[in-house]
Amino acid sequence: MLHKTLNISTSPHIVKGLGTNDIMRNVVWALVPVAIYAVYSFGLSALLILVTSTAACVLTEHFLARYSKKESTISDWSAVITGLLLGLTLPPNFPLWMAFLGGIISIALGKFVFGGLGYNVFNPALVGRAFLQAAFPVAITTWFPVYAPERFSTVSAATFTLPFLEPATDGFTGATPLSAFKFDHVTTSTSDLALGLITGSTGETCAVLIMLGGVYLVARNMMNWRIPVSILATVYALSGLLYMVNSQTYPSPDFMLFSGGLMLGAVFMATDMVGSPITPLGVWIYGAVIGLLVVVIRIWGGLPEGVMYAILLGNALSPHIDNLVRPRVYGTTKTLDIRLMNKEQPVNTTTEANSRKMLITMVGIGAICALLIVLSFQGTLPRIEKLKAEALEKAIFKVIPGMVTKKTYQLEGSSLKEVTGKVKDAQLVYAGYDKDGKLVGVAVEASGMGFADVLRVLYGYDPNKQAVVGFYVLESKETPGLGDKIEKDPAFLSNFKALDAALSDDKNTLKNKVVTVKHGTKKNAWEVDGITGATISSRAIGNIMGTSTNQMVPLLYKNKDFFEEKSHQ
Amino acid sequence: MHPPEHKSETNGLPIRQFPFAPVIIMPMVQHLGAPSQIIVREGQEVVRGQLLAKAGGYVSVPQHAPVSGTVRKIANVPTISGKMVQGIYIETFPFSGQEVMEGKPIDHETATREEILQGIQDAGIVGLGGAAFPTHVKLKIPEGKHCDTLIINGIECEPYLTTDHRVMLEQADDIFTGIRYLLKATGAKRVIIGIEANKQDAADYLSARIPKDEPVTVQVVPVKYPQGAEKMLVTALLGREVPSGGLPIEVNAVVVNVATTAEIGRLLPHGRGIQERVITITGPGVKKKGNYLIPIGTPLRYVLEQVGADENVSEVYMGGPMMGVAVSNLDISITKGTSGIVVFTENAITRPEKVYPCIKCGACVDACPISLNPSKLGILAKFEAYDEMAANYNLMDCFECGSCSYVCPSHIPLVQYFRLSKSIIKKRNAAKPAA
Ligand code: SF4
Ligand code: SF4
């Protein structure tokens, strides 16, 4: 033995043993329950999304490493994390090709251009997510119901959309894609949110599982608990303060905490070590800044996903935060700018040059992103209009049972004239005829203030029956799970199958104005039975219907013959 | 930071005398400073304790014969750094009783401060904790400074090592004698023996034996690597921070290792020179682990043969696993600064080879005892921005404790970077004409 060559190592000769790949692998483990729950609640579509985004990230990582002639870095698991996180922030019915593209962007633009793992400034998954938000604003705000009964046997029609074709629209509930996300409103029960009973992005729904994953990582010393704690505390404190000031306009702090992507972002994305500060105090500041930005963006910014932008901004700030709060070095009195005190020392400019390069890269990326956003907005505008028109068309056929053909009329004063094609800014009504050309109803659009925002509805009126015969919510941003029952609750919708709209004897007003009554107290045919838990939203519907029918029904009735005649022309 | 201690394997084993090797190799550089100057010639017979070489200057110490024997050869000998230095081969008399030669005793009552410092230098004493800096230089209080507290360092925070622990349990008298010399030499008014909480038995033992009327206290500090570093210890015991770039004397303290103290207490009353020291030999690759009193100059190969090293031995460290140096050549010998020999077999080494990029996890920042930012320093080192490392990130304050490398999950050899960077800067500064 004593002639063996000895191995030379440099001190320390022992290491703690916790490897970077171990940390990354454990983050993946911590995400697994979240992913499983996502698949359980959203079904096959969600599974496909997660698999696709993860595969895209891993493959991109692999090929970029090969292209740059470096050793493959897949084994460090970081690409898997990026892929999973990206998938979890996307809607479950997101087209797969877009998810794949997002994965490529995450790794290529979010990580590789910076020099790979450890050198990236931003959380790669969020870079991908931001790109998708900019490029596909429609698809990324199209939601899919949670616990759909057929979720394990079928996938959402949007899932297999071919590249560059517009996705099928089965998931549409919010018709204006650029509008704010649904979750920024108040009344959803916190426990439902925490347990993931509410729809949302694939993996953002179950706050409890996300927190469990975080606790696991913290217990294994693989996550800095200060980051989620300071983010959540800041969000809670700040929104609590606002709520105290005015509980009407501002959402409750509980709601803020458990809604949307905050939990996933705070626990799994803001804590990404690469993008967060490393000084102890810096970490607290970083968390507080993100928390502040989340509240500001959500409440005043009008941007849908406040969390994403807040974290990206936090990432950009973290090197500066570190620089500002450098701990005092033992035996020195210098705290802040040591450089000033070392004026006489020539400072090597290598790192300065590097910061400059970094800055140029970042500005470049910013410019490209801005351009992309503008282009895709312009590009999608006509499509959005088209989708809207299609949705309306479908709705008309829904609210007038039995109709086969449609004619559109423009209202001018109290007379009507037929129009074809596009008409801007005109009050339109749509008459529906059966196969014999007999008038079966007239569809009318109405709108009014809902609980959260404007509600747009479409209803069908049959002059022969003197009743409303169909109803459809065109646009609503009511709270998922509660206010949005006005669109889904079958009992509520059955109110409008035969809602009395008989005219008074002088034919100028309704005999009885349509109103919403408290749930279970409907006695008359002209009353709408309200929804418990969505009182405000269902009342709003009653008001809109009442006002509109009162104004429109006499007019339409008068023109009954006109409609009939038109049919034969 | 708390690396696994592995001290229980040897801390219960009393110090045992090691056999005399047939050949002793004495390098003339065993300390920091100028090499010692040989005063014997080849073929000369020497007696154990006899002067072999005199100090090569003020920052240097003499060397004494660790055995009685014959000077066989004066030639270049290998050292742990890989450099060859002048040295002496002594063939040990096989049947000698190895009596130690007496010198001129120094009495701490009557001797002056200067006489004591001279006596310490003459005894060839250097810091036995590992640094091997000549003790008399360290004890010399600079003009205009004064020392109020003498700290005896019994921390021994390096994993595996139990040298100081055993010395405290077995050489209390020598320690207290040594303290008397040190008090006189430094002019300190009080003495604190600092001991880590994992050696409570040693603390109790010493506390119970403090001689009457001596201004000595024993203070137990929490277990924490690198608590034994001078600056850390000064802060832990006195709450004073040693200024950047300065020595503990800047805050009126002097720190001396406990084994060094014991050695002073043992040697000076007899006017002897240092010829042996206590060394912990341990690690997964050693069969007869223990604390041994080993003659200086004993070849490492002989030591390992005697204690029975595992045949799968892969790495041998002189000193502990945190700050010790890996040995490449078993023909080097034990020196005054060798506090331990740790032997690792292949399968005991768990250190992964793969280095990942820095993921900014902050573990190193948390671990650094002096609040440096090793992550940033490591990145700068890669860019070779040495001047910026020193100017803006306090590189020169790094005392190479290795905590950052130990915790780094990406296994970046941070402290290795810093050692290199520091030596490059020192070279540059030396090359620069003094401004
Ligand atoms: S080796 Fe230097 S930088 Fe690393 S922890 Fe120790 S003192 Fe800090
Ligand atoms: S411990 Fe290693 S990976 Fe973590 S911040 Fe320090 S250098 Fe980077």
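Now for a look at the structure at hand. (Residues numbered from 1 in each chain as written. Chains lettered and ligands numbered in written order. Predicted model: local features only at pLDDT ≥ 70, side-chain atom pairs only at ≥ 80, totals over all residues. Heavy atoms only, no water.)

Thoughts on the pairing of strand β2 (residues 415-419) of chain A
If a strand is regular, its side chains alternate between the two faces of the sheet.
Residues and elements named next belong to chain A.
At step 1: Pairing geometry for strand β1 (residues 405-412) and β2, over 5 bridges, is antiparallel. When the sheet's bridge partners are listed, L411 is paired in β2 with L416.
At step 2: Connecting the antiparallel pair β1 and β2 is a turn made up of 2 residues, with G413 showing a positive phi of about 60 degrees. (Pairing = 2+ DSSP bridges. Helix = DSSP H or I, 4+ residues; strand = E, 2+ residues; numbered from the N terminus.)

Section: the site of ligand 2
At step 1: Among the 13 residues in the neighbourhood of ligand 2, the closest are listed as C358, C361, G362, C364 and C408 of chain B.
At step 2: When grouped by side-chain class, the residues that make up the shell around ligand 2 number 9 nonpolar, 3 polar and 1 charged. (Near = heavy atom within 4 Å. Nonpolar A, V, L, I, M, F, W, Y, C, P; charged D, E, K, R; others polar.)

Examining the sheet that holds strand β5 (residues 51-54) of chain B
All names here are of chain B.
At step 1: Read across the open sheet, the 3 strands follow the order β3-β5-β6; overall the sheet is antiparallel. Across the chains shown, the open sheet's two edge strands, defined by having one partner strand only, are β3 (37-38) and β6 (63-64).
At step 2: As judged from the 2 bridges shared by β3 and β5, these two strands associate in the antiparallel manner. Paired with I38 across the bridge in β5 is A53.

Quick look at the packing of aromatic side chains
At step 1: In total, this model carries 13 aromatic pairs over all chains according to the counting rule given.
At step 2: With a centroid separation of 4.0 Å and 20 degrees between ring planes, the pair formed by F471 of chain A and F496 of chain A is classed as stacked. Taken together, the residues F471 of chain A in strand β6 (residues 467-475) and F496 of chain A in the loop between α16 (490-494) and β7 (499-500) connect sequence positions 25 residues apart. F496 of chain A carries the same exposure label as F471 of chain A, and that label is buried.
At step 3: Residues Y160 of chain B and F344 of chain B carry aromatic rings whose centres are separated by 5.7 Å and whose planes lie at 70 degrees to one another, so their mutual orientation is edge-to-face. With Y160 of chain B in the loop between β9 (149-154) and α3 (163-170) and F344 of chain B in strand β17 (residues 340-345), this residue pair connects regions lying 184 residues apart in the sequence.
At step 4: Classification of Y160 of chain B by relative accessible area gives buried; the value is 5%.
At step 5: A connected cluster of aromatic rings, assembled from ring pairs, spans Y409, F562 and F563 of chain A. (Phe/Tyr/Trp six-rings, centres within 6.5 Å; stacked < 30°, edge-to-face > 60°. Buried < 20%, exposed > 50% of the residue type's maximum accessible area, 1.4 Å probe, protein only.)

Quick look at the environment of S41 of chain A
At step 1: Mapped onto the secondary structure, S41 of chain A falls in helix α1 (residues 20-42).
At step 2: For the pair formed by S41 of chain A and P92 of chain A, sequence separation is 51 residues and the distance between their alpha carbons is 9.7 Å.

Some words on the pattern of salt bridges
Residue and element names in this part refer to chain B.
At step 1: By the definition in use, this model includes 17 salt bridges over all chains.
At step 2: Of the charged contacts, one joins K138 and E230 as a salt bridge, the two residues approaching to 2.5 Å between their closest N and O atoms. With K138 in helix α2 (residues 135-139) and E230 in helix α6 (residues 230-238), this residue pair connects regions lying 92 residues apart in the sequence.
At step 3: The class of K138 is partly exposed, set by a relative accessible area of 32%.
At step 4: With a shortest N-O distance of 3.2 Å, R428 and D387 are connected by a salt bridge. Within this pair, whereas R428 is found in helix α13 (residues 414-431), its partner D387 is found in helix α11 (residues 386-393), the two being separated by 41 residues in sequence.
At step 5: Overall, the relative accessible area of 25% leaves D387 in the partly exposed class.
At step 6: One network of salt bridges, in which partners are shared, links D174, E263 and R266. (Salt bridge = Lys/Arg side-chain N within 4 Å of Asp/Glu carboxyl O.)

Some details on the interface of chain B and chain A
At step 1: Opposite the 73 residues of chain B that make contact, chain A presents 52 residues.
At step 2: Taking both sides of the interface into account, the surface hidden between chain B and chain A amounts to around 5300 Å²; carbon and sulfur atoms contribute 58%.
At step 3: Taken together, the links from chain B to chain A amount to 1 salt bridge.
At step 4: Across the pair R328 of chain A and E241 of chain B runs a salt bridge, and its minimum N-O distance is 2.8 Å.
At step 5: At the junction of chain B and chain A, the tally comes to 18 residue pairs in polar contact (both at pLDDT 80 or more).
At step 6: Classifying every residue of the side of chain B that touches chain A by side-chain character gives 36 nonpolar, 18 polar and 19 charged. (Contact = heavy atoms within 4.5 Å. Buried area = accessible area lost by both parts, 1.4 Å probe. Polar contact = N/O pair within 3.5 Å; in protein donor to acceptor, adjacent residues only side chain to side chain.)

Thoughts on α13 of chain B
At step 1: Here α13 of chain B is 18 residues long and its end C-alpha atoms lie 26 Å apart, about the 26 Å a rise of 1.5 Å per residue gives.
At step 2: Buried residues along α13 of chain B sit in contact with α9 (363-367), α10 (374-382), α11 and α12 (403-407) of chain B. (Expected span 1.5 Å × (residues − 1).)

Overview of unusual backbone geometry
A negative phi angle characterises most non-glycine residues, just as the trans form characterises most peptide bonds.
At step 1: The omega angle of the peptide bond from S11 of chain A to P12 of chain A is -5 degrees, so this bond is cis rather than trans.
At step 2: Looking along the chain, the bond that leaves Y225 of chain B and enters P226 of chain B is cis, with omega of -10 degrees.
At step 3: Looking at the element boundaries, P226 of chain B is found in the loop between β11 (216-221) and α6.
At step 4: Backbone geometry places N394 of chain B, a non-glycine residue, at a positive phi of 55 degrees.
At step 5: By secondary structure assignment, the location of N394 of chain B is in the loop between α11 and α12.
At step 6: For N394 of chain B, a relative accessible area of 7% puts it in the buried group.

Details of the site of ligand 1
Residue and element names in this part refer to chain B.
At step 1: The immediate surroundings of ligand 1 are formed by 13 residues, with C368, C398, C401, G402 and C404 found nearest.
At step 2: Secondary-structure elements contributing two or more residues to the shell around ligand 1 are α12 and α13.
At step 3: When its residues are assigned to classes, the shell around ligand 1 shows 10 nonpolar, 2 polar and 1 charged.

Things to note about the nonpolar core
Among soluble globular proteins, nonpolar side chains are generally buried collectively.
At step 1: Counting residues in each nonpolar core, the largest one holds 85 residues, and the members touching the most others are L268, I281 and I341 of chain B.
At step 2: Ranked by the residues each element gives to this core, the list is headed by helix α4 (residues 172-186) of chain B, at 8 residues.
At step 3: Ignoring sequence-local partners within four residues, the contact set of L268 of chain B consists of P105, I106, I116, G119, I120, A123, I125 and Y181 of chain B.
At step 4: Counting residues in each nonpolar core, the second largest holds 81 residues, with I23, M24, V39 and L312 of chain A among its members. (Core = buried A, V, L, I, M, F, W, Y, C linked by side-chain atoms within 4.5 Å.)

Re the pairing of strand β3 (residues 428-433) of chain A
Residue and element names in this part refer to chain A.
At step 1: With 6 of 6 residues buried, β3 lies mostly within the body of the structure.
At step 2: Where β1 and β3 come together, 6 bridges link them in antiparallel fashion. Among the inter-strand pairings, K407 is bridged to a residue of β3, identified as A431.
At step 3: Looking at chain direction, β3 and strand β4 (residues 439-449) are connected through 5 bridges and run antiparallel. Among the inter-strand pairings, A431 is bridged to a residue of β4, identified as V442.
At step 4: Taking the residues that link successive antiparallel strands as the turn, the β3-β4 hairpin has 5 residues, and the phi of G437 there is positive, at about 80 degrees.

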